[in-house]
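This is what each chain is made of:
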Amino acid sequence: MARETNGGRTEVSEVSRETLRPDQDSSVGGAHGAGMVLRPSNAYEDTPIGAAAARATQYQHPGDASLPHPDRCRILTIANQKGGVGKTTTTVNLAAALALHDLTVLVIDLDPQGNASTALGVPHQSGTPSIYEVLLGESPLDEAIQTSTHSANLLCVPATIDLAGAEIELVSMVAREGRLKGALSVAVLDRLGVDFVLIDCPPSLGLLTVNALVAAPEVLIPIQCEYYALEGLGQLLRNIELVQAHLNPELHVSTILLTMYDGRTKLADQVANEVRGHFGEVVLRTMIPRSVKVSEAPGYGQTVLAYDPGSRGAMSYLDAGREFAMRGDVTVGRSDSDDEQGAQG
Ligand SMILES: Nc1ncnc2c1ncn2[C@@H]1O[C@H](COP(=O)(O)OP(=O)(O)OP(=O)(O)O)[C@@H](O)[C@H]1O
Ligand SMILES: [Mg+2]
């Protein structure tokens, strides 16, 4: 459990790591910023049940643990054309973690599967105003925005099954790659006080993903800590470079999050080290552990933070959200050659 103190330092209790083996990296499910201070845990929190209760309490009453608002709305595309790596899970849980700390987050579900809409408890049956109508210019952005059942400052533009045809319908449209950018009205985002826009992409590099890459300056890549994790990443990076060169000069990878980390395997550590070697500081120190609670939550139309706030999965997304918001965009101020070194190792 991390807490901001008056001096801006972060206090960390033992509770967020009670399920870790002593040899596990303390940043799994509990990464904490520089300058951390361990405070002695009380006897009550030393039992697993007491610790889980303490975490759940912190979830329900985050108290003074507020996070800074970014200077201007940060728009991020959550992309990886590999399927099942945790794009949607990361989108909704990171959004929920930020919203819990009084930040306003708009999730755009750009995947016809509609999984982000489901996890946020937002209706998305065919015919609901959705990102499909927004992309086709049939509905303005604000008419498609819904508020999640989980939080008043967690907003979502849902995806309906209609979006499945959009890849083809967009092909013949004018400025087909820039439809989402054109629809993301700054006036609407300002009026709603949106701090972060998170765009959940489908597992492909098609026109929907390209629209997301054109609409956002920042890319967040979730990488699963498994054997084939890095396969296909080169193709994603090349596409990002192409979009950057031709359509969106601001585009860059600002955040990488390691997901489904299993501390019992050497492989997970090898993948994590390799990714950190390639991408350096862009990789969040917090890693998301493989956790049954994380995978169960969407079945109940919930984020893991709402489903089981005391779980390690919830705690790790809270930590990831805190680290992400506190550090800002780490690539700002870096030169292009730094970026290339980071990307190519
Ligand atoms: N940390 C985790 N621990 C356990 N299961 C997880 C974790 N993160 C995600 N999952 C599960 O793995 C599956 C894939 O996750 P998710 O849907 O977030 O991936 P995705 O990249 O969005 O997939 P797609 O490419 O199909 O859109 C889901 O069943 C999800 O519940
Ligand atoms: Mg998904």
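Residues numbered from 1 in each chain as written. Chains lettered and ligands numbered in written order. Predicted model: local features only at pLDDT ≥ 70, side-chain atom pairs only at ≥ 80, totals over all residues.

1. What about the overall build of the protein chain?
A tally of helices and strands in the protein chain yields 15 helices and 11 strands. Scored against the burial criterion, the 345 residues of the protein chain give a buried share of 50%. (Helix = DSSP H or I, 4+ residues; strand = E, 2+ residues; numbered from the N terminus. Buried ≥ 20, exposed ≤ 12 C-beta atoms within 10 Å, placed from the backbone.)

2. So, the site of ligand 1
Taken together, 19 residues lie around ligand 1, and Lys 87, Thr 88, Thr 89, Pro 203 and Ser 295 are the ones closest in. Where the shell around ligand 1 is concerned, the elements lending two or more residues are helix H2 (87-100), strand S10 (252-261) and helix H12 (292-296). The dominant element in the shell around ligand 1, judged by the number of residues it contributes, is H2, at three residues. Split by residue class, the shell around ligand 1 holds six nonpolar, 10 polar and three charged. (Near = placed C-beta within 6 Å. Nonpolar A, V, L, I, M, F, W, Y, C, P; charged D, E, K, R; others polar.)

3. Points about the sheet that holds strand S8 (residues 196-200)
Ordered in space as S6-S7-S5-S8-S4-S9-S10-S11, the eight strands form an open sheet in which the pairing is mixed. In this open sheet, the two strands that pair with only one neighbour each are strand S6 (146-147) and strand S11 (283-289). By the bridge criterion, three bridges tie strand S4 (residues 74-78) to strand S9 (residues 218-224) in an arrangement that is parallel. What sits directly across from Thr 77, in S9, is Val 219. With respect to the sheet, helix H9 (residues 207-215) is in contact with S4, S8 and S9, its orientation differing from that of S4 by roughly 155°. (Pairing = 2+ DSSP bridges. Contact = placed C-beta atoms within 7 Å. Axes fitted to C-alpha atoms, helices over the stretch in contact; angles between N-to-C directions.)

4. Points about the confidence of the model for the protein chain
For the protein chain, per-residue confidence averages 84 on the pLDDT scale, and 79% of positions sit at 70 or higher. Taken together, the stretch residues 30-41 has pLDDT below 50 and engages in 31 contacts with residues farther than four places along the chain or on a different chain. Across residues 336-345 the pLDDT falls below 50, and counting only partners more than four positions away or on other chains, this stretch makes nine contacts in the model. (pLDDT = per-residue confidence, 0-100.)

5. Comments concerning unusual backbone geometry
You will see that Asp 102, though not glycine, has its phi angle at about 70°, which is positive. With respect to the helices, strands and loops of the structure, Asp 102 is situated in the loop between H2 and strand S5 (105-109).

6. Brief notes about the environment of Thr 255
Relative to the assigned elements, Thr 255 resides in strand S10. Overall, Thr 255 belongs to the buried group, with 24 C-beta atoms counted inside 10 Å. Between the alpha carbons of Thr 255 and Ile 221 there is a distance of 6.5 Å; along the sequence they are 34 residues apart.

7. Section: the nonpolar core
Membership of the largest hydrophobic core comes to 91 residues, with the highest contact counts inside it found for Val 105 and Ile 199. When residues in this core are grouped by element, the largest group, eight residues, is from H2. What Ile 199 contacts, discounting residues up to four positions off in sequence, is Leu 76, Thr 77, Ile 78, Ile 108, Leu 110, Ala 212, Ala 215 and Ala 216. (Core = buried A, V, L, I, M, F, W, Y, C linked by C-beta atoms within 7 Å.)

8. Section: the pairing of S8
The buried fraction of S8 is high, at five of five residues. Neither face of S8 is exposed, since Phe 196, Leu 198 and Asp 200 on one face and Val 197 and Ile 199 on the opposite face are all buried. Of the strand pairs in this sheet, S4 and S8 are connected by five bridges, and their pairing is parallel. From the neighbouring strand, Ile 75 faces S8, where its bridge partner is Val 197. In this sheet, S8 lies alongside S5 in parallel orientation, the contact comprising five bridges. Pairing of Val 105 across the sheet is with Phe 196, part of S8.

9. Some words on the packing of H2 against helix H14 (residues 312-327)
Contact geometry of H2 with H14 gives a least axis separation of 8 Å together with a crossing angle of 70°. Considered as vectors, H2 and H14 are oriented roughly perpendicular to each other. Contacts between H2 and H14 involve Asn 93, Leu 94, Ala 97 and Leu 98 from the former and Tyr 317, Leu 318, Ala 320, Gly 321, Phe 324 and Ala 325 from the latter. Of the residues assigned to the contact of H2 with H14, the class counts are eight nonpolar, two polar and no charged. (Parallel < 35°, antiparallel > 145°, perpendicular 65-115°, else oblique.)

10. What to know about the environment of Ile 161
With respect to the element layout, Ile 161 can be found in the loop between strand S7 (154-157) and helix H6 (166-171). Note: C-alpha distance between Ile 161 and Asp 111 (50 residues apart in sequence) is 8.9 Å. Apart from the residues lying within four places of it in its own chain, the contact partners of Ile 161 are Pro 112 and Ser 126.

11. Brief notes about helix H11 (residues 266-279)
Taking 1.5 Å per residue, 14 residues should reach 20 Å; H11 reaches 20 Å between its end C-alpha atoms and fits that length. Looking only at H11, the buried set comprises Ala 268, Val 271, Ala 272 and Val 275. Projected down its long axis, H11 carries its buried residues within an arc of 100°, all on one side. The exposed set on the far side of H11, more than 90 degrees from its buried face, consists of Lys 266, Asn 273 and Gly 277. (Expected span 1.5 Å × (residues − 1). Arc of directions from axis to C-beta.)

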